[in-house]
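# Secondary and tertiary structure notes
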Amino acid sequence: METGRCPHVLFFPIPSQGHMNPMIKLAELLALTGIRITFLNTHHNHERLLKFTNMAAHFARYPAGFELRTITDGLPEDHPRSGHWFPEMFEDGPEMKIKQSLREMLVDIIPPVDCMIVDAFLGFALDVARELGIPIFCFRTSSPCCFWTSYSIPDMIQAGELPIKGSEDMDRLITTLPGMETHFRCRDLPSYCRATDMEDAFIKLLVKQTRKSAKANALILNTAEELDGPILSQIRTQCPNVYAIGPINAQLKSRNGELYHHFSNTLWEEDKTCISWLNKQSNRSVTYACFGSLTSMSREQLIELWYGLVNSNSKFLLVVRPDSVIGKDEGEDVDVVKELFDKSKDRGYIVDWAPQEAVLNHPAVGGFLTHSGWNSTLEAVVAGVPMICWPYFGDQQVNSWIVSEVWRIGLDMKDVCDRKMVEKMVNDVMVDRKEEFAKSAAELAKLTNQSVRVDGSSYCNLDRLIGDIREMSL
Ligand code: UDX
């Protein structure tokens, strides 16, 4: 619907790669339709993006304006901001500072903001929006099944299903979670549900943020009706307005065509030499192993992973992010990776950070050994690549469940992650059951990619979101 005035939308993600990726892509999708964007990043991440991307030039091409602004993360200047640092933003002191800074920005900004799209974990932004009378949409960038389980924690406690009673209780089936009935065990719940004390501060915060985000004007989810239909139906019983507009990377590609691959919003430098290496490998012969932006592994886990890959019957491309190996000092971590690299030159290739979407869409890649982060999962679904799941924390346990039990496009090694298991599952997916998994992954990819084409479910949901934003600016 055309209006006389161009709407102005402010985006605010959590400063983590897995949250920024889908938010930036949604911002671009809106910018493509002539909506003016102001995108907030913390000062720290803004500097990193400038270092590794050409983002200023990229966003300059949007005629309605795509402005990048920075905001404090509330932490002292000398804070190292390494590893998994951003949850500290939610402590009272930092949160107050960010809230104040957001309020000041919104009061001063010209032209005024018609609506905000914020990360669902930034609950304080809802208070600011209400105070200033600005409509607010929460974007939950992790999976709908994680949203729904987190939302339902109080009900599961009430029903006596939580807390889990020790390791012998982990295979008990959860029966009171509507929409998630398919062989859903205690061990498939998000990792924080493993706590013995349900009064734990972190769990309470998660439940609070999740329930609060359901009270925004709308909830945006990175999924398609075809992927998460039964769970979306349940979420809609609690949230007034849900837009399922994903997979967001496929939606952007569908609407943006060839321009899509010209920009990556990465916080690390991509090592594109792995594409030249993949070019030399035969079709569907390589296992791509990568564990996202936050996961850390011990030196022992890295060695188990490496042995599993080397002993399997497939070649591999392994990503070992700098700073991701914990438990030893920095010098030793570098040594262990170098040592593995030297020993596996003929079988594999190791990089610090890969251009992941290009890798997953490369014909040489036949399987994805993943930590089951939601973006990685969706990127593999869209590319039709079967998965071998080694979940670490948070939503990853529930994401690997949906991959193996509901979509049936991969295997889940949850909680038994040693070299034998890696070898077996890689061989199952890459060799012994290769055709079976390739077929189911290709079918799901087809269905999912249809959802982002004209008249597809996600395409229509995004059009509805754009229409609703335009109406707000009338
Ligand atoms: C974590 C959670 O696990 C995830 O489920 C949640 O939604 C966000 O926080 P993360 O560890 O960052 O996320 O994983 P993931 O969601 O998979 O996102 C990682 C992103 O980084 C993906 O878009 C992936 O393409 C990109 N990436 C990762 C690269 O571009 N190169 C790499 O080498 C590794």
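Given the structure is predicted, the values throughout are model-derived calculations rather than measurements.

Moving on, we come to the sheet that holds strand 14 (residues 387-389). Strand order in the open sheet formed by six strands is 12-10-8-13-14-15, and the pairing between neighbours is parallel. One side of each edge strand has no neighbouring strand; the edge strands of this open sheet are strand 12 (348-351) and strand 15 (410-412). Pairwise comparison of adjacent strand axes, ignoring direction, gives a mean angle of 15° for this sheet. Relative to strand 12, strand 10 (residues 315-319) is paired through four bridges, and the arrangement is parallel. Across the sheet, residue Phe316 finds its bridge partner in strand 12, namely Gly348.

Within the structure, the ligand sits among 26 residues, and Gly18, Gly292, Gln356, Gly373 and Ser376 are positioned closest to it. Residue composition of the shell around the ligand, by class: six nonpolar, 17 polar and three charged.

On to the confidence of the model for the protein chain, then. Confidence in the prediction of the protein chain, expressed as mean pLDDT, is 92, and 96% of residues score 70 or more. Here the predicted complex scores 0.95 on pTM and 0.98 on ipTM.

Here the focus is the nonpolar core. In terms of nonpolar packing, the biggest core is built from 135 residues, with Phe11, Met116, Ala125 and Ile136 touching the most fellow members. Element by element, the count of residues in this core is highest for helix 1 (residues 17-32), at eight residues. When residues no more than four places from it in sequence are discounted, the contact partners of Ala125 are Phe12, Leu102, Met116, Val118 and Ile136.

About the cut-offs
- Residues numbered from 1 in each chain as written.
- Predicted model: local features only at pLDDT ≥ 70, side-chain atom pairs only at ≥ 80, totals over all residues.
- Pairing = 2+ DSSP bridges.
- Helix = DSSP H or I, 4+ residues; strand = E, 2+ residues; numbered from the N terminus.
- Axes fitted to C-alpha atoms, helices over the stretch in contact; angles between N-to-C directions.
- Near = placed C-beta within 6 Å.
- Nonpolar A, V, L, I, M, F, W, Y, C, P; charged D, E, K, R; others polar.
- pLDDT = per-residue confidence, 0-100.
- Core = buried A, V, L, I, M, F, W, Y, C linked by C-beta atoms within 7 Å.
- Buried ≥ 20, exposed ≤ 12 C-beta atoms within 10 Å, placed from the backbone.
- Contact = placed C-beta atoms within 7 Å.

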